[in-house]
Amino acid sequence: MADRRRINGPAGATIPPVFDDASTRGPKSIKSRSRPANATRKMYLKTGVTPSASGSAYLEIETSATPGVSGLKLSCSVHGPRSLPRSAPFSPHIVLSTHVKYAPFATKQRRGYLRDPSERDLGIHLEAALRGAIIADRWPKSGVDIIISIVEGDQDRETSQLQGDEVWDMMNALGGCITVAAAALADAGIDCVDTVAGGVAALVQDAGEDSIPTVVVDPIPSEHEKILAACCIAYLPTRDEVTNLWFRGDLPASDIDLYTNLVEKGIQASKNANRVLVGCLAETIQ
Amino acid sequence: MTAPTIKLPAPLFARLSPHPFLLRNLTATAAAADPARPPAARTNGRGTNETRPLHAKASSLSHAHGSSLVRLGDTTVLCGVRAELLPVERIPLFRPVDRVGDGERGGGDGGDGGDGAGEGGRALLGRGELRDYDLLVPNIELATGSAPQFLPGVPPTALAQTLSTRVYSLLHSTGLVGVEDLRVWSKPGSGEGGDTEMEGAGEAQEVQEGVEEEDRVVAYWVLYIDLLFVSFDGNPFDAAWAAVVAALRNTSLPVARWDPEREMVVCSRTEKRQLNVRGLPVACTAAVFEEKELGEVGTGVVEGRHWLLLDPDRLEETLCREAITMVVDCSDGETRIKSIEKQGGTTIGRELIRGFAVIAEKRWKEVQGAMK
Amino acid sequence: MASSQHVLLSPAELAYLHASLSLTPPIRPDGRSPTQFRPLVAETGILPGTNGSARICFADGTEAIVGVKAEVERTAQRPGEDTIFLEEGGVEGGDDADGDGEAREGVDKRKGDAAWVEMTVEIPGLRDDDSGTAFLSAMLSEALLSDGEFAKRLWINRRFHWKLYLDIILISPPLSYPLPLLSLTSHLALLSTRLPRLKSEGDEDPFFDDDWAAAPYLYPRTTPTTTSSTSPTTTTAATRPPITLLVMAVGNNIIFDPSKEELTVADVALAVSVTSTASSTSKPHTDNADLKEPDTEAGRNLRLLSIRTIDPPSRLTPPGVANAANAAYGANNGAATGATQKMLEAQTAETEAVEGVWKAPRGGAKRRVLGALVQKVLERGGVVDEVLDALEAVDLG
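The name an unreviewed UniProt entry assigns to chain C is Ribosomal RNA-processing protein 42, from the organism Chaetomium fimeti. Among the UniProt annotations of chain C, the heading Sequence similarities (unreviewed entry) holds the following wording: "Belongs to the RNase PH family."

Looking at an unreviewed UniProt entry, one finds chain B named Ribosomal RNA-processing protein 43, with Chaetomium fimeti as its source organism. According to the UniProt record, the Sequence similarities (unreviewed entry) comment for chain B reads "Belongs to the RNase PH family."

Moving on to the sheet that holds strand β5 (residues 160–170) of chain C. Residue and element names in this part refer to chain C. The strand order across the open sheet built from 5 strands is β1-β2-β3-β5-β4, with neighbouring strands paired in mixed fashion. Either end of the sheet is taken by a strand with one partner, and the two such strands are β1 (40–44) and β4 (117–122). Across the sheet, the mean angle from the axis of one strand to that of its neighbour is 15°, orientation sign disregarded. The sheet contact formed by β1 and strand β2 (residues 52–58) spans 5 bridges and is antiparallel. Paired with E43 across the two strands is R55, which belongs to β2. Sitting on the sheet, helix α3 (residues 131–145) touches β4 and β5, and the angle it makes with β4 is about 145°.

Time to look at helix α8 (residues 367–378) of chain C. All names here are of chain C. Given a rise of 1.5 Å per residue, 12 residues ought to cover 16 Å, and the 17 Å separating the end C-alpha atoms of α8 matches this to within 8%. Buried within α8 we find V369, L370, L373, V374, V377 and L378. Angularly, the buried residues of α8 cover 165° about the axis, an arc narrow enough to put them on a single face.

The next point concerns unusual backbone geometry. For residues besides glycine, phi is generally negative; the peptide bonds are generally trans as well. Cis geometry marks the peptide bond from G80 of chain A to P81 of chain A, where omega comes out at 0°. Relative to the elements of secondary structure, P81 of chain A occurs in strand β3 (residues 73–83). Across the junction of T24 of chain C and P25 of chain C, the peptide omega takes the value -10°, indicating a cis bond. With respect to the secondary-structure elements, P25 of chain C resides in the loop between α1 (11–21) and β1.

It is worth spelling out the interface of chain A and chain B at this point. Chain A puts 48 residues into the contact, and the matching count from chain B is 56 residues. Summing the contributions of chain A and of chain B, the shared interface buries around 4,500 Å²; its carbon and sulfur component is 57%. The interface formed by chain A and chain B holds 1 salt bridge in total. Two residues, R110 of chain A and D226 of chain B, come together in a salt bridge whose shortest N-O distance is 2.7 Å. Seen at the junction of chain A and chain B, the total is 18 residue pairs in polar contact (both at pLDDT 80 or more). Among the elements of the structure, β3 and β5 (142–152) of chain A are those that each provide at least two residues to the side of chain A that touches chain B. Per-class residue counts for the side of chain A that touches chain B are 18 nonpolar, 18 polar and 12 charged.

On to the pattern of salt bridges, then. All names here are of chain C. What the rule picks out here adds up to 46 salt bridges over all chains. Measuring nitrogen to oxygen at the nearest pair gives 2.7 Å for the salt bridge that ties R38 to D60. With a gap of 22 residues between them, R38 in the loop between α1 and β1 and D60 in the loop between β2 and β3 (63–74) connect regions that are remote in the sequence. For D60, a relative accessible area of 29% translates into the label partly exposed. Overlapping salt bridges, with partners in common, bring together R28, D30, R32, R38, D60, D257 and E262 in one network.

Let us now look at the packing of helix α1 (residues 117–131) of chain A against helix α2 (residues 166–187) of chain A. All names here are of chain A. Running from N to C, α1 and α2 point in directions that differ by 45°, and their axes come no closer than 10 Å. One way to sum up the angle between α1 and α2 is to call them oblique. Crossing of α1 over α2 shows right-handed handedness. Touching S118, D121, L122, H125, L126, A129 and L130 of α1 are M170, L174, C177, I178, A181, A182 and L185, all from α2. A breakdown of the residues in the contact of α1 with α2 according to their chemical character gives 11 nonpolar, 2 polar and 1 charged.

Attention now moves to the side chain of D233 of chain B. Checked against the element boundaries, D233 of chain B lands in the loop between β6 (217–231) and α7 (236–250). Discounting residues that sit within four places of it in the chain, D233 of chain B has contacts with R52, D74, T75, P312, D313 and R314 of chain B.

Residues and elements named next belong to chain B. Taken together, the 7 bridges between strand β11 (residues 322–329) and strand β12 (residues 336–343) define a ladder with antiparallel strand orientation. Within the sheet, the bridge partner assigned to V328 lies in β12 and is I337. Linking β11 back to β12 in an antiparallel pair, the connection comprises 6 residues, with G333 at a positive phi of about 90°.

Turning to the sheet that holds strand β2 (residues 55–61) of chain A, a few remarks are in order. Residue and element names in this part refer to chain A. Taken in spatial order, the 5 strands make up an open sheet running β1-β2-β3-β5-β4, and their pairing is mixed. Both edges of this open sheet fall to β1 (43–47) and β4 (95–102), since each of them pairs with a single strand only. The mean inter-strand angle of the sheet, taken between neighbouring strand axes irrespective of direction, is 15°. Two strands pair when backbone bridges link them, and β3 and β5 are joined in this way by 9 bridges, in the antiparallel orientation. Bridging across to β5, H79 finds its partner in D145. This element, α1, spans β4 and β5 of the sheet and lies at about 140° to β4.

A few words on the UniProt feature "domain: Exoribonuclease phosphorolytic" (unreviewed entry) in chain B. Mapped onto the present numbering, the UniProt feature "domain: Exoribonuclease phosphorolytic" (unreviewed entry) falls at residues 50–85 of chain B. Regarding residues 50–85 of chain B, the helix share stands at 0% and the strand share at 64%, and the terminal C-alpha atoms are separated by 43 Å.

Next up on the list: the domain arrangement of chain B. Residue and element names in this part refer to chain B. Here the domain parsing of chain B yields domain 1 (59–200 + 215–274) and domain 2 (282–370). Each side of the interface is counted separately: domain 1 has 15 residues, and domain 2 has 16 residues. Buried surface at the junction of domain 1 and domain 2, both sides included, amounts to about 1,200 Å², of which 48% is carbon and sulfur. Broken down residue by residue, the surface that domain 1 buries against domain 2 is led by R166, N235 and D238, which jointly contribute 37%. Among the ionic pairs, R166 bridges to E341, the shortest N-O distance being 2.8 Å. Inspection of the region where domain 1 meets domain 2 yields 7 residue pairs in polar contact (both at pLDDT 80 or more). Broken down by secondary-structure element, the contributors of at least two residues to the side of domain 1 that touches domain 2 are α5 (158–174) and α7. Examining the composition of the side of domain 1 that touches domain 2, we find that 4 residues originate from one element, α7, more than from any other.

Analysis parameters
- Every chain's residues receive numbers from 1 upward, in the order its sequence appears when written.
- All chains are assigned letters beginning with A, and all ligands numbers beginning with 1, in the order in which they are written.
- Only residues with pLDDT of at least 70 get local features here, since the model is predicted, and only at 80 or more are side-chain atom pairs given and counted; chain-wide, interface and lining totals rely on the full set of residues.
- The basis for every side-chain value is the complete set of heavy atoms in the structure, and neither hydrogens nor water enter the calculation.
- UniProt positions are given in the numbering used here, feature names are shortened, and annotations may be inferred rather than shown by experiment.
- Two strands qualify as a pair provided DSSP detects at least 2 bridges between them.
- Helical segments are the DSSP runs of H or I of at least four residues, strand segments are the runs of E of at least two, and each set is numbered from the N terminus.
- The axes are straight lines fitted to the C-alpha atoms, using for helices just the contacting stretch, and the angles between their N-to-C directions are given from 0 to 180°.
- Residue contacts are counted whenever heavy atoms from the two residues lie within 4.5 Å of one another.
- Expected span, for any helix, means 1.5 Å times one less than how many residues it has.
- Here's how the labels work: a residue is buried when its accessible area is under 20% of the maximum for its type, exposed when over 50%, partly exposed in between, all with a 1.4 Å probe on protein chains only.
- As used here, the arc is the angular range of directions from the helix axis to the C-beta atoms.
- Accessible surface is computed with a 1.4 Å probe, and the buried area is the amount of it that two parts give up when combined, taken over both parts together.
- A pair is scored as a salt bridge if a Lys or Arg side-chain nitrogen falls within 4 Å of a carboxyl oxygen belonging to Asp or Glu.
- Here a polar contact means two N or O atoms within 3.5 Å. Within protein one must be a hydrogen donor candidate and the other an acceptor candidate, and residues neighboring in sequence count only if both atoms are side-chain atoms.
- Asp, Glu, Lys and Arg are counted as charged, while Ala, Val, Leu, Ile, Met, Phe, Trp, Tyr, Cys and Pro are counted as nonpolar; the rest, among them Gly, fall into the polar class.
- In this scheme, roughly parallel covers angles under 35 degrees and roughly antiparallel covers those over 145, while 65 to 115 is roughly perpendicular and the rest are oblique.
- Note on convention: the crossing is left-handed when the near helix lies turned anticlockwise from the far helix by less than a right angle, right-handed when the turn is clockwise.
- Residue ranges for the domains originate in an automatic or database domain assignment.

Here you go:
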């Protein structure tokens, strides 16, 4: 049934443009990684973009050297702490609600207006990552809303076909979401045990099926031939603790070192993001 | 004995009793004898006829075909235009396009002269297609946490729905986009309007393929115009409309052609065609602030003074129940009023509207400067 | 979300539970050892109308049913691609005369082959679009699809594939975090799933053998003697569907399959998905790893598929008040005024934990603990092997 509260457009379904690829590139051309394996992309973080909210932040991750690859752009606003509605049951802690939504124009495929399961999933990951960082018992009976709009996803515009990259894109998006939400929480003046930041690392295979896989931080799916596994980590640097860990891939269980290495690199990426975060917050204070 | 005076910081006062707060600010001149007092102004420091500067930045997104970011004070809107194809088979009750208006094309692309001659009829015809097939789809998303009252997880609010509908009807009534830009013809080169750079390539192909099949419209571009409020501080319509215009001016569609073998429309990755946007309509909104508080005002005659607050912010919008929006376009040298909308209240009369046209004209110049 | 349903335990009970679970060895309320699972009753083939089904009932009364249905579906050929493009093509898309019609059907679910599996999770009392359900379903399908091998089993020919509908229904109220139950039930259901034997050849419209006894299992049970006709690669034989285990840590203790009460005091909880592949040559990139482990001859080759942190509900529990700060127990001999009392309370809340007073944990999990958790799960001959052995014993009827 059509959503009567929105302008729905034509009754017949529309199709996104199909490009005639023959002239430009082969079906799958891989750009090689433009950075060293343990370098993250530059990011730009700014707080206070939504003056009407209690706290807000905007994060942009640099577009990589290759043109046409868009960087991640996230906008986050925090509303609260505010009192819970009367109907809500008593809570000894602050009630956190997270909401992650892609803008309709954020990705190669036009997104719908309602949150799809993957966006809900991102919201839960984000909630787990933040709940560990917030000192929740300082605000009993109150709630805080954290809303993230993914203005632009981290996708290569030129690759016309998906290569099953969406899941890895989600991980990159989650890493950004955690960092930007931490900045917005700090902007809203909500007490946290530490600044939490997200980092992503991946195990990639760049030179054919038989090559030895390497671990890289902050992977861009289009820059790698095959991603075997990736993890996204939310990390509190001064406490040396992990509030959220999301690993996905296919690793031999016998080789625990491979996994440990991946997590270590994820933490390293998170530390890098944290430096930017702390720098941005210090700038705001001045 | 003097009554104890309580000193409240201004923001707190504004929250506790916004109406008297704004009223006292506006009537400050009455006590102008006191030089320490600031001159009459709105709570945000602007004069009644003073707008916030508008900043527009185009092409900020890479996945959209056209985009813009418009800032109007603390109101920030992001607009992305995304084009998708609607094959005519999907259109219920599709009428093959009447080529009367396009007659001059048969004689080898009449070019600009021919376009001018056919303009009237074609535009009229085009309007019908745009509306009948719903080729423009504007939607406004306020629930991005842009203001505390707009939290996600709920269906679009009445305000968001109203704004979307207003943008939708204004898009159609101003004829900002012509349907000829959105048609995809079965023969290459025939849908490109006056775009000369495409003609050469188009005609060459036409010769190769022969002319046994009649040229027809095979698909339409549908423009999904999505507006995302990043931050909300009043006057959403002016900001949203400016963002729509800026994004459409920035839109370029890939050159599409019909592939008879695969029976589908294929787009070129390299060639793009700028969308033609007619004119530069600019919306200008003012709210009427009445001396009496909202609750007290009856339905009858207006009593007391009133102020016309141009470009109202969030606080002011909540205190005013009457607002006027005028859309003007001065791009052809003359001021043309594209639309006047007025909601609520009884204050604005003929004189005020006439005066407001002048204000809107001034606003147009400011916005035009910002859009450059 | 589902993990954070409120458990009605007082701070004192929480503190007691936490303390007993952090002993060495931990004492669990139901007397289990740290790695022991709750007893369960399992059966397969309970739904005759499905391609595979299973039911598991845990001793705590939670029960789940999983049904697997398969349908033949036309694979949408991506226009402009020579290679077959893996995406869902709606059956109705085929009626359209134009090629665009089919392309459109896949637009919404451009997940490549992932769209061949449709999983729904139903938890009583939770809405379909509840975030907790979305999380569970994402976790289960992530485990199933993350190796990329599963969808290949659904391949019929270049033009058709099986579309698998996996319906996971919890039929009891969610008395504990249902993830392990749902995962084990889907594991059994998938293990018992059979697809009709293909009789047609090549890229023609497929037709199948109607003899159910001849239908091969989706996951071939024995050694690859029955070369599955539905699978283009024969190297995936004897692979098992993934299982997702819930593991938690309290202090330095690692506890498997926590009950609801135990989960409430967890410092950290992880959901770890693993699978076992019998053939070590199925994936070339594992070669270097396998060289280090020559003793894989008979044993399983476990593979780690996914890990997710579960937000432990302990963060939402009410804190206790230490006697020293509690006026009701005559703290400070009643001499403390309201103000100092408040200060003291605040101090207790902010300072180190008092022995025996419950306080919701703050911050995340130590890196070391996380590492130990995962290592414990992946241990050779550990819990995963035990669980897989146990499930193998279930008659697949």
